[in-house]
Every structure is written in C-alpha cells, then in structure tokens.
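What follows is the residue order along each chain.
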Amino acid sequence: MGTALAHEILQNSPGLTACLLGNLAIVRGALEAGVQLCTCYPGTPASEVGDTLGRIAADADIHFEYSINEKVAVEVAFGACLAGARTLSSMKHLGVNYAGDPLSTMPYVGVEGGMVIVSAGDPSAITSPNEQDQRHLSPSLFYPILDPATPQDALDMTRFGFELSEQTRLPVILRPTTRVCHTGGMVEFGSLPEKKREIAFEKDPSRYVPIPINARRMRQELIERYARAAELLSRSGFFPRTGEGKHGIVASGVGYAYASQAIHDLGIADRVSLLQIGGYPIPGRILDDFVRSVESILVVEELTPFVEERVTLAAFHADRRIPIYGKRSRHFPLAGEYDPDLVEDALRTYLGLAKRERPAVPVPDLPPRPPVLCPGCPHRTSFYYVRKIFGKQTVYCNDIGCYTLGYGEPLHSCDLLLCMGASISQATAIARVTGERTVAYLGDSTFFHSGLTPLANAVTNGDKVTVIVLNNYVTAMTGFQPSIAAQADAPSPPVGEGRRSAGLSIEQAARGLGVQEVFSVDQFDEESTVAALRQVKTGDGVNVVIFNSACVVHEKQLGVYRKRRQFAIDQEACTQCSLCIRMLGCPAIHVHEERFYIDENLCEGCGLCVRVCKQHAILR
Amino acid sequence: MERSPGSCRILIAGTGGQGVITAAHLLADFFVQRGRKVVSGQLHGMAQRGGAVQATVMIDCGIGPQLSSGGADVVLGLEPVETARALPSISSKTTVFMNTAAVIPYLLSLQYVLGEKSAHYPSIEELQQAIRGATSRLVVLDATALAKRAGSIRTVNVVMLGCLFGSGLLGIAAEQFLDAFMRTAPPRLADVNRQAYLYGVESGESLAVSKEAQ
Ligand code: SF4
Ligand code: SF4
C-alpha cells in the first residue's frame, strides 16, 4: 500500500483484486456506491461491517454512528435517506426484529436516496439464540433482499442495492450469512464515485406521512414498486445459469458456493444446469424458463425451504410435473447450516452416483473447549457476590452479552434468557407470579439498547426485582465496540479514551425512571458491594445495583491495563478442597496431578479467589 | 477428485489467543501477492474467551469456503487436541504439523473437582497415534518452546508458519515468506517474529530431512 490511507478498502484503484472478508467487501460495495451515512448495532456475524465503517468514516467522509439499538439505527438511516443521502444500516439477523416496527412501514413511505440494510444470518445459531430466516421479510414486508454466495457477490450486491433501492424507492436488505461474512475471498474493486448525492429535504407530507389515507394509497403503489424490483433483479446478473444438463440445481447463498464447488470436484458439469438465486422476489421469468428446461430440480438453500416453495409454484404454473427435491424430500436437513459434505452427498444421491467412500478415521474422545469468562473478568466477581447474598433459590434472569457465560457450572447465574433486554421483563414476571424477589442481569450496552423500557414497566408495577447492571464500559462480546455508558458512574479513573463517547449515566437513568434505591459500586470493593446487595435484597419494589469495572481484555487493547497483583497457591496450606474452582471457574486456576495451581501467565490478579479460599492458601 | 495443479488447502487449528486467524491472514496475503486466488474461512464464535478456533486458507481451489471431509492438504495444528479435532479434514494425503505443547482446557479442571475424575487431557502419544491412523505424514515439534526461546509465547503461530515453509512442502523458499512477513510486521516485534520464524524454518528443514529418510 505505502500510502497514507486508513484502510486498503479506501483505494481508488478499479480492477484491483484483493482477498477481502465478506464483511469488508460489503463496506467496499457501499463506498463504491457513495454511501453518505451509516449506522450499526454490533452483532456477530455482521460486526466487522460497522467496525470498519467506524474506522474509515472520517477518511471516507461518511456520517457514522454506533446506534443505541437496531430500531434507532434503521430509523436514523431511513430519515437521512429521505433527505437524499445514500445510507446503510448494519446488524445481525435478530436486529431486524428489534427494528421490526419501522421496517414494516418504511417500504410504504419509500426512500429518496438509496438505503441498504445489512442483516447477517446465522444458520446453526453459532453465535445467536436462533437461526431465523430473514428472507421471509421479502414477501411479507415488500423488501427486495439480496443473497450473496461469496465476498465478490457481497461487494457487487451492496453496490447494486443502492441503485435498486432508488429505482423502486424501496429500502433493500442484504442478507449474507456467517460463511459469507467471515470468509475471505477474491474480489475485484470497482471505482469510487467522484461525487455523492445532493442532500436536501423537501417537505411533502402526503409523500412522507403514512396516516391511513396516505397508507392505503402507498399500499397500492407498493404492488407496482415490488414488481419493479423483480424486473430489475432479472437484469441484475445475480441469477447466473451455468450448464445445459437436464438435472437442474437451484442454489442460494453459500449453498451456491458449495454446489458449484461440488459440481467441479465431481466433474459433473455436463450433466447439470446450475441456477443461482441471488435475490428476492425471484423474477418469475427466470424460474419459469428454468423449470421448462430441465427434467428435475434439486434446491440447495439453508434455513427454511423458501426457494423450494417458489420453485414448486413456478413448476405448477408452467404445468411442469417434474420432481423437485430439497428439504421436503430429505435430501437436505430442515435445520442447521450446510457444509460441503452434505451438499456433495445430496448431489451424489440426486445424480445416482456412488456414495462417497470415506475411510472411517476413529476420532479419540477430545475434551471440549467451550468459551468461558476470562481470568479476572469483573462479571465473575459480580456473580459471586450476588449469589453469595441472594442464594441458590433466587431466580437469575440473564441477558445477551459475555455475562451469558454465567450459565451452568460453576456460576449458576443464568436461569432464563431470551433476547436483548428481556432479563428485566422476565424477572418482573417471575417476581409477580411467585411473590419472590428476582434478579435481572444485563450489561451497559444492553441496558441502553432495550433495558430502559422494561425497567420503567417494572417501576410502574412495583415489582420485586433487583436489576444488576454489569457496566464494563464496552460492548465486549461482539468485539469491543464503544458503549455509551458513562464514566460518570465509574468510581475508579477512566479506562483509557479515544473510542469512548461522552457517555450517559446508568445511575441517573435509573433514578430518572423512578427507581428509589440505586447503588453504583466497584464490585472489587467487597465492603460496599456486600452492603449494597444486602440492602437491595430486603428492599421494596424495583432496585438497581450498578457494578462498574472495566473489561480486562478491553483495557489491554487500550494499553491502559496493569496487572493488579500476582497470586499463587501455597501448596503447604492448600487442602485440595477445590472451592476456588467449584465456586469461580477462573481459567487461570487448574488442577494438575491432584494439586491446584494458578497459571501466572493467565492470572490477572483480580483477587477474587483469595476471598473464596478458606485456608488462606492463595497468596501474593 | 479433480484439483487444478498447484492448488492447496491449508487448515490452521488452535485455541483463542494463539493467533490462528492472524496466521491465516498472513498466508492469504502472501499468496494473493503472488497472483494466486485465495479463499479463507474462519470459525471463531467467541475466540477471545478461549474457545477452539479454525481457519482455512485455500489456494486456487474454487469458491467453496469450507473443506470437505479429508479435504486438507496441510494441517497446521497449534495445539495437540485442536490438531486432533481437525481429524475429519485429514486423509492419507494430508501433511500434519503438530505443536506438542498442550493448552489444557479449563473445563477439565472443573470436571475434575465436580467428581468426573476420568476427564483428562489425552496423552500426546495417544493423539499422535490417532492422527497416524489417518496419515503417515505427521511432523511434530514443540513450537511453544521455540516461541519462548524467540522471546514471546505469542509467536507460536509464526514458528508453525516457519516450519511449514522450512519443510519445503509448498515448494516456496522460506525467505520469500519471511520477506513478505517482515514488510507487514510491526517494527517493534520484528526481531522476535523473525527469530520465531527462523526457529520454525530450522525445525521444518530437519523434520523434512528425517521424513525423507523414512
Ligand atoms: S471479554 Fe471482558 S467482559 Fe467478556 S468475558 Fe472477557 S473480561 Fe469479561
Ligand atoms: S486472582 Fe484468582 S480469580 Fe483472579 S484472575 Fe487470578 S487466579 Fe483468577
């Protein structure tokens, strides 16, 4: 590179090829389209889209924000496109649910500048509580949806998405999945625009205000605009057909990448016709031509049989009684992501080829390596004290963040989990029907994302709920994005700077919502922590404890970390009671030949184990 | 199975914090700069929290982002159990490089104190044997010791890359990768990284010799 560019994807060098992560290819596509405003709420597997945009925003002259939640992210991006800007909003698949309200009316109102919503899917729920298929939003809410198979698709489709959006006045959804987002693949750069769109908001209430009388007119117009999307898609080049064989294969998303790889590896290109479905609504003409030209069809798509149903309908309308295979025929499973073996096996069955010979290699029993709270993580200390005071019987409602790892052994701090912000509502419900005080855990980011409304609801109802806000000043789980929670709550000096916003106070927010009892403490300070917890346990109605301590890993990244102390276990004093591991599950403490040790490279010196050890065997 | 000449599918396996993804990036960039077509996949749910991490680097192999079973030409195993976890991708054609230094999963200690006394970390011999059941091309080295000797335990990934290039398996002179690597390495860490790489190359060369002698 050699230039002073902040990032390689800012190069204006059309024709250059590079190996780009799918998420970065999306950003490049948006840059080539001259995007002017971007919003995001972090979520795996989409996080790198927002993170990269944030990093290059100033150089690329883009307005960028980490929004407080996906609803706001979408609303801000939509508002800006009404003033003529090209905008992009990025989130994980579940983000569109939180943004469901604005999403459902935005197509009615329509855009001026193009708008692309990136909503990254997670087949097999690798980092999510479910594997929802967002493609159904296309027919139900009238969204054109683009479905990339590779990083090159991701780039091209993002860029095209803005055109498509402007020509139909519909916001467009780009739906990559984990294997596209987190795959590096060859992409060819296009050129960056010399000029961006003019910004001007022109008042026209009948155009922008969907009161019923306008909404009914808009709904009529949507019929034509959605049909126009299909027509534009048919000329987009995102439905390539290869081969003239009588065995038809229709594939979408990463399923297309697997299918074309398997066709190549099996050397069956002359026997099949492969059609990629690059978007929705699938243009009728394309399916019609395809069903007429083949003798059978295998549909390769992850999640629900969305394309399969449309292919079946197309065959029906074309009066073609040909076999259509896919999920219904059990060539493919109904749930979970696909992989190359699955697709190759299905292709072999479909074409009547011999089953693949796979020498059975015995795999020994291997110890699993699940994720665990880091050594020194402040959440462990919070969980420990809360359980110490509130006991085993209390119902602990957890939320989405690193602290979900309080689940199971040994911390037992996650009895319920649903979605962002649900900890407080669920704690409310259990408390109301059982009459027992419950505990809700959520982090700083989640608190502002969707914790304020259920907290207000609990206050209104006077529920016996203790809300514990685990404020570590960062959105750790998705890659350490800045959180808007304030240093204002911090009893200790700020943990570095730079990416931190001015900040909002969780404490003041809770008080503002009418919570009477609010404590803001450092959980590493035993005295104030235990005092606060004793108080709230016997309190009335809703009360709140904010635990303020920075995420260790984030402090290290910021270069402000200093190891507090170094601990070791005195082998003379240790009775092998195993309490430290059984209570805390700190990965720095381990057993080796029946003796207990602290790994000096892993220990962060948080000091929690010292308090747990009754033998005083853990020393500096 | 058809493969275009010169194609190569590399799987890198390790644990969070070992630099699996970084190693994959370095390899991918290197081959792209040589005009090759690269596809590189990552799987790393919550790598930061110590989980298992795998990444693929597939050179001139088409657009598929994942390996099929037995599909790896090379496995770089940064940790013994994680190397064995890659067995589904290993066939008799695969060359496996395995670091023998274990990173013991924390879960084993927890299981132990909870009374599951049988939970244990398999012996390195056991793991080697399992891999030998799939391929005779297994080379082992203590990359962690070499990384420490070079000055930082965090360079295990670099030692392993050195070993890969030193072995001559890819038919590319080890210096070529080193040159490219040094152009991108942060100056502060350049010396440690170079040393780690060279230790890896050295062991790769000697291991390759002993393999020929077999
Ligand atoms: S990343 Fe930070 S918040 Fe998350 S588990 Fe580690 S220390 Fe805790
Ligand atoms: S002081 Fe104890 S609990 Fe804290 S990181 Fe070190 S070993 Fe773990």
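All of the points below concern the structure found in this document. Quantities reported herein were computed from a predicted structural model and do not represent experimental measurements.

A look at the pattern of salt bridges
Moving on, step 1. Per the counting criterion, the structure on display carries 33 salt bridges over all chains.
Moving on, step 2. Of the charged contacts, one joins Glu-79 of chain B and Arg-369 of chain A as a salt bridge, the two residues approaching to 3.0 Å between their closest N and O atoms. Of this pair, Glu-79 of chain B sits in the loop between β4 (74-77) and α2 (80-85) while Arg-369 of chain A is found in the loop between α14 (340-351) and α15 (378-390), placing the two residues in two different chains.
Moving on, step 3. Between Arg-432 of chain A and Asp-463 of chain A there is a salt bridge; the shortest N-O distance is 2.9 Å. Of this pair, Arg-432 of chain A sits in helix α16 (residues 422-434) while Asp-463 of chain A is found in the loop between α17 (444-461) and β17 (465-471), placing the two residues 31 residues apart along the sequence.
Moving on, step 4. In this structure Arg-432 of chain A comes out as partly exposed when scored by relative accessible area, which is 46%.

Digging into the interface of chain B and chain A
Moving on, step 1. Listed as interface residues are 54 residues of chain B and, on the opposing side, 59 residues of chain A.
Moving on, step 2. Buried area between chain B and chain A, summed over both chains or domains, comes out near 4,600 Å², and the portion from carbon and sulfur atoms is 65%.
Moving on, step 3. Run the count over chain B and chain A and you get two salt bridges.
Moving on, step 4. Inspection of the region where chain B meets chain A yields 14 residue pairs in polar contact (both at pLDDT 80 or more).
Moving on, step 5. Residue assignment for the side of chain B that touches chain A shows that the elements contributing at least two residues are β1 (8-15), α1 (20-33), β2 (38-43), α2, α3 (106-113) and α4 (124-132) of chain B.
Moving on, step 6. Among the elements that line the side of chain B that touches chain A, the one with the most residues is α3 of chain B, at seven residues.
Moving on, step 7. Split into classes, the residues belonging to the side of chain B that touches chain A amount to 30 nonpolar, 16 polar and eight charged.
Moving on, step 8. In the sheet, strand β8 (residues 183-188) of chain A pairs with β2 of chain B via two bridges, with the strands oriented antiparallel. Paired with Gly-184 of chain A across the strands is Ser-40 of chain B, a residue of β2 of chain B.

About the thresholds
- Residues numbered from 1 in each chain as written.
- Chains lettered and ligands numbered in written order.
- Predicted model: local features only at pLDDT ≥ 70, side-chain atom pairs only at ≥ 80, totals over all residues.
- Heavy atoms only, no water.
- Salt bridge = Lys/Arg side-chain N within 4 Å of Asp/Glu carboxyl O.
- Helix = DSSP H or I, 4+ residues; strand = E, 2+ residues; numbered from the N terminus.
- Buried < 20%, exposed > 50% of the residue type's maximum accessible area, 1.4 Å probe, protein only.
- Contact = heavy atoms within 4.5 Å.
- Buried area = accessible area lost by both parts, 1.4 Å probe.
- Polar contact = N/O pair within 3.5 Å; in protein donor to acceptor, adjacent residues only side chain to side chain.
- Nonpolar A, V, L, I, M, F, W, Y, C, P; charged D, E, K, R; others polar.
- Pairing = 2+ DSSP bridges.

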